[in-house]
Amino acid sequence: MRLFTGLAIPDRIASRITWAIEELRPTADLRWSNPANLHITTKFIGAWPEEKLPGLQRALAALEPTGRFEVTVSHFGFWPNPHQPSIFFAAVQPSTELQTLARRINEALSVLGCEPEKNTYSPHITLARVKRTDVGALREKVAAMANMNNFDFGSFAPQEFHLYSSTPSPEGSVYTKVSGYSLVHSGSETGRAPETGPA
């Protein structure tokens, strides 16, 4: 199974991002994200043996909650640069708590043999993966839209993060919540029962 951890996006923010995707879609032949898959990755795990899943879940459940914090989604970006990008994304403004969450997950899973992250954590929401295509029209459309809207998609206070599985399909990967873990110290359970359905 292929796994990653991340934060789910509230419907009110996801709907604004989906509107932007539909406005931009005609400008470039990209591999656009399924709106049902929108999320903020905190740790890419990759291939993981199913028999080792319980141990991974225990490690995530044992993490110290970060406490309440806000996540703000605003503006677009191209990685690694706007002229030869491989990813088009909605930017997530960095916060100490989100950086701490990513670091704790990375450290906990590294002990289990998961490849540790070597790059600085840069939170974002992937909107499209760029094939070998010209994105000039996309850049122009983004600039034109920016003159009318600052692309502040909104803020939210996540209550938990999730372990997701990624399953390939002819229409693209399907992301499914496997289990959730509380971010607050309110006495709610750290580990939750498995969930089903696209994230």
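Quick note: structure is the one above.
Residues numbered from 1 in each chain as written. Predicted model: local features only at pLDDT ≥ 70, side-chain atom pairs only at ≥ 80, totals over all residues. Heavy atoms only, no water.

S.K.: Just checking my understanding: could you explain the sheet that holds strand β5 (residues 87–92) for this structure?
M.R.: To summarise the sheet geometry, strands pair through backbone hydrogen bonds and adopt either a parallel or an antiparallel arrangement. Read across the open sheet, the 5 strands follow the order β2-β6-β5-β4-β7; overall the sheet is antiparallel. Two strands lie at the open edges of the sheet, namely β2 (31–32) and β7 (152–156), each paired on one side alone. Pairing of β5 with strand β6 (residues 124–129) involves 5 bridges; the strand directions are antiparallel. Bridge pairing in β6 places Phe89 opposite Thr126. Contacting β2, β4 (71–79), β5, β6 and β7, helix α1 (residues 11–24) runs over the sheet at an angle of about 160 degrees to β7. Running over the sheet, helix α4 (residues 136–146) touches β2, β4 and β5 and is turned about 145 degrees from β4. (Pairing = 2+ DSSP bridges. Helix = DSSP H or I, 4+ residues; strand = E, 2+ residues; numbered from the N terminus. Contact = heavy atoms within 4.5 Å. Axes fitted to C-alpha atoms, helices over the stretch in contact; angles between N-to-C directions.)

S.K.: Is there a simple way to explain the packing of aromatic side chains in this structure?
M.R.: Here the distance between the centres and the angle between the planes together describe a pair of aromatic rings. Scanning the entire structure with this criterion turns up 7 aromatic pairs. Centroid distance Phe4 to Tyr164: 4.9 Å. Interplanar angle 10 degrees. Geometry classified as stacked. Pair noted here: Phe4 is in strand β1 (residues 2–8) and Tyr164 is in strand β8 (residues 160–167), with a separation of 160 residues, a long-range link. Of the two residues examined, Phe4 and Tyr164, each falls in the buried class. Of the aromatic side chains, those joined through ring pairs into one cluster are Trp32, Phe76, Phe78, Phe88 and Phe153. (Phe/Tyr/Trp six-rings, centres within 6.5 Å; stacked < 30°, edge-to-face > 60°. Buried < 20%, exposed > 50% of the residue type's maximum accessible area, 1.4 Å probe, protein only.)

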